[in-house]
There are 2 protein chains.
Amino acid sequence: MSAVDYRQSGVNIDAGNEAVRRIRALARGTYTPGVLSGVGSFGGLFALDGTVPEPVLVSSADGVGTKLKVAFMAGVHDTIGEDLVNHCVNDILVQGARPLFFLDYLATGALAPDVVEQIVAGVARACRENRCALLGGETAEMPGFYQAGEYDIAGFIVGIVSRSAIIDGSRIEAGDQLIALPSSGLHTNGYSLARRIAFDVLGLGVDSYVDELGATVGEELLRPHRSYLAAIEPLLAGGRIRGMAHITGGGITENLPRTLPEGLHFSIDRGSWTIPPVFAWLQASGRVDDAEMFRTFNMGVGLILVCAPGDVDGVLRALEAAGERPWRIGEVVPAHG
Amino acid sequence: MSAVDYRQSGVNIDAGNEAVRRIRALARGTYTPGVLSGVGSFGGLFALDGTVPEPVLVSSADGVGTKLKVAFMAGVHDTIGEDLVNHCVNDILVQGARPLFFLDYLATGALAPDVVEQIVAGVARACRENRCALLGGETAEMPGFYQAGEYDIAGFIVGIVSRSAIIDGSRIEAGDQLIALPSSGLHTNGYSLARRIAFDVLGLGVDSYVDELGATVGEELLRPHRSYLAAIEPLLAGGRIRGMAHITGGGITENLPRTLPEGLHFSIDRGSWTIPPVFAWLQASGRVDDAEMFRTFNMGVGLILVCAPGDVDGVLRALEAAGERPWRIGEVVPAHG
């Protein structure tokens, strides 16, 4: 029997330390004025001086789901962080909050510092774009949990909103109008079904070019989940947004009702937009019915805003001025109307 | 070719919804006055009204590591949440912060609502014990990522400290005294090595009784990571704690220096405490050298406080009054003394 040390048991503390050094450098590039850097090292510190009156913290946790499997197949690791951060940013944005800071949890079977650096570079880039500090995180080496070359990642965001500016849907009335903003692809939802159709039913690979998509399968399925912060932030102050829904797992079907008060439902005009080619291609290839498609995928709709009828034109113009292509997608109706 | 739906592709939205319902009920039991419940549902909301002057948020992310493998072997899922929450609580406590809220990320290959409920019940219990609201979380079903019956879990905590009460080690001087508080076992570190020794080198199972431990391997290795909040909170206000180190991965060797200013090091009296049987048993069974043991395990020391010599007696008495068994473990010395 020979002596057992930690490296033999599958954990490489030196590789872990090297990964941490690289992560720290990337994180520093995201620091905003609130970050108290160089103070201790067990937790990240963020000063709330002079933020908003009656501050309310809004927090959310998310993963990327099986979109990661496509990243593994393609060997592309620098966009997953954008998916993760932007998903979290949108989840608190729909309640009226802007991001303060973000932390990530990255778990692998064996730490490859280069891959860790690519992943965290994507996280840091998205944090900078959302003016959100990457305040900390955990990088865990867990032998026997993940297959070679695989990992899982989770993100945690904290944002802030003044109590009076919380968007909670409570002012929504029947007759209010729904405005949609386009998604940038599948975002981070429906990947178990999409992968099954693309790789199992159709037998394609990530490098297969698909005419209908004008892209390879990998390019299409790895398009980053976009952030709506820049488009929505200028509208947060005026009170014109009565509710917002981030269209994630469960699609419009399950996410839009989450922002509506009891007794109200919605009517969507399915002719109001052209469903992007990736969804039509998946639906036809997998013979998926409409209800399943709308319950699984965003169908080209990333965010839905609820406004009073009199505010619609102004909101549409403000969104267009921010470079968006919004459209009227439907309206709020009585639940049993 | 038959139609493909989401359940066939490995994701069970109904089981997911059932798990979410059970989690919500458990989370409600942890709510503190800051939680704004019933407001929206995309992110969790926490009002900061009347907390502390010059508030600084302290945040940390952690996992449980390969201690999870022992939980899988033993089929015990209700203590992992305590490990996760208490680890996070201690990580922000050492900077002087008390917890506000917690979020978790739980990922499995296939959601078993009963197991999810056991896991989250542990999270919720530990949150209540630390007066920390379980504000939200993500439960991800990721077919093909995790082996049957396995999962990974990460936690994210946000706490608060008044800027002037941050404990950052900056007041530490040579001659300051180190006070230790006992760990409750391995806590959450060194499990890759511990499992290799117990299960591979010794060929034991979780149900094997070990005389030296007076317990089964599973009982010993699953003892929950304890929280030091109740013991330390009464001491946070007085300024007597100049620094604190949570002894986690890297042991005393790597964690204590993180709280010391440059130019200072520490001297530990290894005769000042009896190393608990589990560490002696692992060391002898695995023929692990002392340096490796102290770099991998907590060796019976869960938390170290740094105090001025004149404050030591008072701090020891306060800790004893809180039911702790603290001891003087060493002192701060010049780095090249």
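As the structure is a prediction and not an experimental result, all values here were calculated from the model.

### Looking at the domain arrangement of chain A
All names here are of chain A.
- If you check the domain split of chain A, you get domain 1 (13-165) and domain 2 (177-334).
- Averaged C-alpha coordinates put domain 1 and domain 2 at centres separated by 24 Å.
- With 24 residues of domain 1 at the interface, the matching set in domain 2 holds 26 residues.
- Across the domain 1/domain 2 interface, buried area totals approximately 2200 Å², and carbon plus sulfur atoms make up 66% of it.
- Counting across the interface, domain 1 meets domain 2 through one salt bridge.
- Taking the shortest distance from any N to any O, the salt bridge between E233 and R131 comes out at 2.9 Å.
- The tally of links from domain 1 across to domain 2 stands at twelve residue pairs in polar contact (both at pLDDT 80 or more).

### Focus: the pairing of strand β12 (residues 327-334) of chain B
Residues and elements named next belong to chain B.
- Note: strand β6 (residues 177-182) against β12, four bridges, orientation antiparallel. Across the sheet, residue L178 finds its bridge partner in β12, namely G330.
- For strand β10 (residues 264-268) and β12, the ladder comprises five bridges, and the chain directions are antiparallel. Each residue of the ladder has a partner; that of F266, found in β12, is V332.

### A closer look at the pattern of salt bridges
Residues and elements named next belong to chain B.
- In the structure shown here, the tally under the stated rule is 24 salt bridges over all chains.
- Close ionic contact of D114 with R22 constitutes a salt bridge, the shortest N to O distance being 2.7 Å. Here the residue D114 occupies a position in helix α4 (residues 113-129), and R22 occupies one in helix α1 (residues 13-28), the gap between them amounting to 92 residues.
- Under the relative-accessibility criterion, R22 is labelled partly exposed at 23%.
- In this structure, D83 engages K67 in a salt bridge whose closest nitrogen and oxygen atoms are separated by 2.8 Å. Placement of D83 in helix α3 (residues 80-93) and of K67 in helix α2 (residues 67-74) is noted, with a sequence separation of 16 residues between them.

### Looking at the sheet that holds β10 of chain B
All names here are of chain B.
- The strand order across the open sheet formed by five strands is β9-β11-β6-β12-β10, and the pairing between neighbours is antiparallel. The strands lining the two open edges of the sheet, one partner per strand, are β9 (243-246) and β10. Within the sheet, the average angular offset between the axes of one strand and its neighbour, ignoring direction, is 25 degrees.

### Structural notes on the confidence of the model for chain A
- Mean pLDDT over chain A: 92, with 95% of residues reaching 70 or higher.
- What the predictor reports for the complex is a pTM of 0.94 with an ipTM of 0.93.

### A look at the relation of the copies chain B and chain A
- With an RMSD of 0.0 Å, the operation that places chain B on chain A is a rotation of 180 degrees combined with a shift of 0.0 Å along the axis. Overall, the copies show the geometry of a two-fold rotation axis.
- The fraction of interface residues of chain B whose copies in chain A are also interface residues reaches 99%, indicating that both copies meet through the same surface.

### Details of unusual backbone geometry
- Notably, M299 of chain A is not glycine yet its phi reads approximately 60 degrees, a positive angle.
- Among the residues examined, M299 of chain A registers a relative accessible area of 1% and is labelled buried.
- At E54 of chain B, a residue that is not glycine, the phi angle is positive and equals roughly 45 degrees.
- Mapping E54 of chain B onto the fold places it in the loop between β1 (44-47) and β2 (55-63).

### Brief notes about the interface of chain B and chain A
- Counting from both sides, the interface comprises 86 residues of chain B and, opposite them, 87 residues of chain A.
- Together, the buried faces of chain B and chain A total about 7000 Å²; carbon and sulfur atoms form 60% of this surface.
- The tally of links from chain B across to chain A stands at zero salt bridges.
- On the surface where chain B and chain A come into contact, there are 15 residue pairs in polar contact (both at pLDDT 80 or more).
- It is β2 of chain B that contributes the most residues to the side of chain B that touches chain A, nine residues altogether.

### Structural notes on the side chain of N189 of chain A
Residue and element names in this part refer to chain A.
- Counting through the fold element by element, N189 comes out in the loop between β6 (177-182) and α5 (191-201).
- By relative accessible area, N189 is classed as buried at 14%.
- Only 3.3 Å separates the side chain of N189 from the backbone nitrogen of G249, close enough to count as a polar contact.
- Excluding residues within four positions of it along the chain, N189 makes contact with H87, T248, G249, T296 and F297.

### Quick word on the nonpolar core
- Residues F101 and I232 of chain A together with I232 of chain B are the most contacted members of the largest nonpolar core, which totals 235 residues.
- Filtering out sequence-adjacent residues up to four positions away, I232 of chain B remains in contact with L93, L181, I241, M244, L303, L305 and L319 of chain B.

### Some words on the packing of helix α7 (residues 229-236) of chain B against helix α11 (residues 312-321) of chain B
Residues and elements named next belong to chain B.
- For the pair α7 and α11, interaxial distance at closest approach is 9 Å and the crossing angle is 135 degrees. Comparing their axes, α11 and α7 come out oblique. The chirality of how α7 crosses α11 is right-handed. Contacts between α7 and α11 pair A231, I232 and L235 from the former with V315, A318 and L319 from the latter.
- In terms of residue class, the contact of α7 with α11 is made up of six nonpolar, no polar and no charged.

About the cut-offs
- Residues numbered from 1 in each chain as written.
- Chains lettered and ligands numbered in written order.
- Predicted model: local features only at pLDDT ≥ 70, side-chain atom pairs only at ≥ 80, totals over all residues.
- Heavy atoms only, no water.
- Domains from an automatic or database assignment.
- Contact = heavy atoms within 4.5 Å.
- Buried area = accessible area lost by both parts, 1.4 Å probe.
- Salt bridge = Lys/Arg side-chain N within 4 Å of Asp/Glu carboxyl O.
- Polar contact = N/O pair within 3.5 Å; in protein donor to acceptor, adjacent residues only side chain to side chain.
- Pairing = 2+ DSSP bridges.
- Helix = DSSP H or I, 4+ residues; strand = E, 2+ residues; numbered from the N terminus.
- Buried < 20%, exposed > 50% of the residue type's maximum accessible area, 1.4 Å probe, protein only.
- Axes fitted to C-alpha atoms, helices over the stretch in contact; angles between N-to-C directions.
- pLDDT = per-residue confidence, 0-100.
- Least-squares fit on C-alpha atoms with pLDDT ≥ 70 in both.
- Core = buried A, V, L, I, M, F, W, Y, C linked by side-chain atoms within 4.5 Å.
- Parallel < 35°, antiparallel > 145°, perpendicular 65-115°, else oblique.
- Left-handed = near helix turned anticlockwise from the far one by under 90°.
- Nonpolar A, V, L, I, M, F, W, Y, C, P; charged D, E, K, R; others polar.

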